[in-house]
Amino acid sequence: TAETLVRLLQQRMRDLEAETCRRLISWEDEKFYSALGGRSEGNATDEGNDNTVDAMSLNDLFKTLQRLDDELEKMESWIQDRAATIKPITDECHGIEEENRMLEQQWISYEALGNELKRLLGGLVLPQSL
């Protein structure tokens, strides 16, 4: 059903957001620890390695975020496609519901008319010769 689909997509969005947060935290931790533990004072080689690690972790983060963005775009496209597919059906259902309401009102009116005719005809006295 639509509710199940919405719940499924919302859960997937939460999972993607959580994964992104975990990656960001991991990236920040890696950057922090590499800056703290890997650098020696005045050693240009270690500093160059830290920049490489930072650039690699930044590149990994960018790739992850790009992948998540692409997946989100695919999900949005899928939802829009399904909404376009479902719209004619929901419009048709709306029309059917409206027609049912009108038929129900017509039935109530016919029933009231029948009761009124019975009441009027019940009081009518016709001669036997007719």
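Residues numbered from 1 in each chain as written. Predicted model: local features only at pLDDT ≥ 70, side-chain atom pairs only at ≥ 80, totals over all residues. Heavy atoms only, no water.

Caption draft 1: Representation of the overall build of the protein within the structure. The helix and strand tally for the protein stands at two helices and zero strands. Here the protein, with 130 residues, has 10% of them falling under the buried criterion. Sequence-distant contacts in the protein: of pairs separated by 6 or more residues, those separated by 24 or more amount to 65%. (Helix = DSSP H or I, 4+ residues; strand = E, 2+ residues; numbered from the N terminus. Buried < 20%, exposed > 50% of the residue type's maximum accessible area, 1.4 Å probe, protein only. Contact = heavy atoms within 4.5 Å.)

Caption draft 2: Structural view of the pattern of salt bridges. Taken as a whole and judged by the stated rule, the model has four salt bridges. Between Asp 91 and Lys 87 there is a salt bridge, and its shortest N-O distance comes to 3.2 Å. Taken together, the residues Asp 91 and Lys 87, both in helix α2 (residues 44-122) and four residues apart, mark about one turn of the helix. By relative accessible area, which is 41% here, Asp 91 ends up partly exposed. Classification of Lys 87 as partly exposed rests on a relative accessible area of 48%. (Salt bridge = Lys/Arg side-chain N within 4 Å of Asp/Glu carboxyl O.)

Caption draft 3: Examining a negative patch on the surface more closely. Together, Asp 69, Asp 70, Glu 73 and Glu 76 make up a region of like negative charge exposed at the surface. Structurally, Glu 73 is set in helix α2. (Patch = residues over 30% accessible without salt bridge, like charges linked within 9 Å, V, L, I, M, F, W, Y side chains within 5 Å. Areas by Shrake-Rupley, 256 points an atom, 1.4 Å probe, with all protein chains shown as cover. Lys, Arg positive; Asp, Glu negative; His and termini not counted. Charge placed at Lys NZ, Arg CZ, Asp CG, Glu CD.)

Caption draft 4: Fine view of the side chain of Thr 20. Residue placement: Thr 20 occurs in helix α1 (residues 2-37). Judged by relative accessible area, which is 16%, Thr 20 ranks as buried. In this structure Thr 20 touches Leu 65 and Leu 68, once residues within four positions along its chain are discounted.

Caption draft 5: Geometry of a nonpolar patch on the surface. Side chains of Tyr 110, Leu 113, Leu 117, Leu 120, Leu 121, Leu 124 and Leu 126 sit close together on the surface and give an oily, nonpolar patch of about 740 Å² of accessible area. With respect to the helices and strands, the residue Leu 117 is situated in helix α2.

Caption draft 6: Structural context of the confidence of the model for the protein. With 82% of its residues at a pLDDT of 70 or more, the protein has an overall mean of 79. Taken together, the stretch residues 39-47 has pLDDT below 50 and engages in seven contacts with residues farther than four places along the chain or on a different chain. (pLDDT = per-residue confidence, 0-100.)

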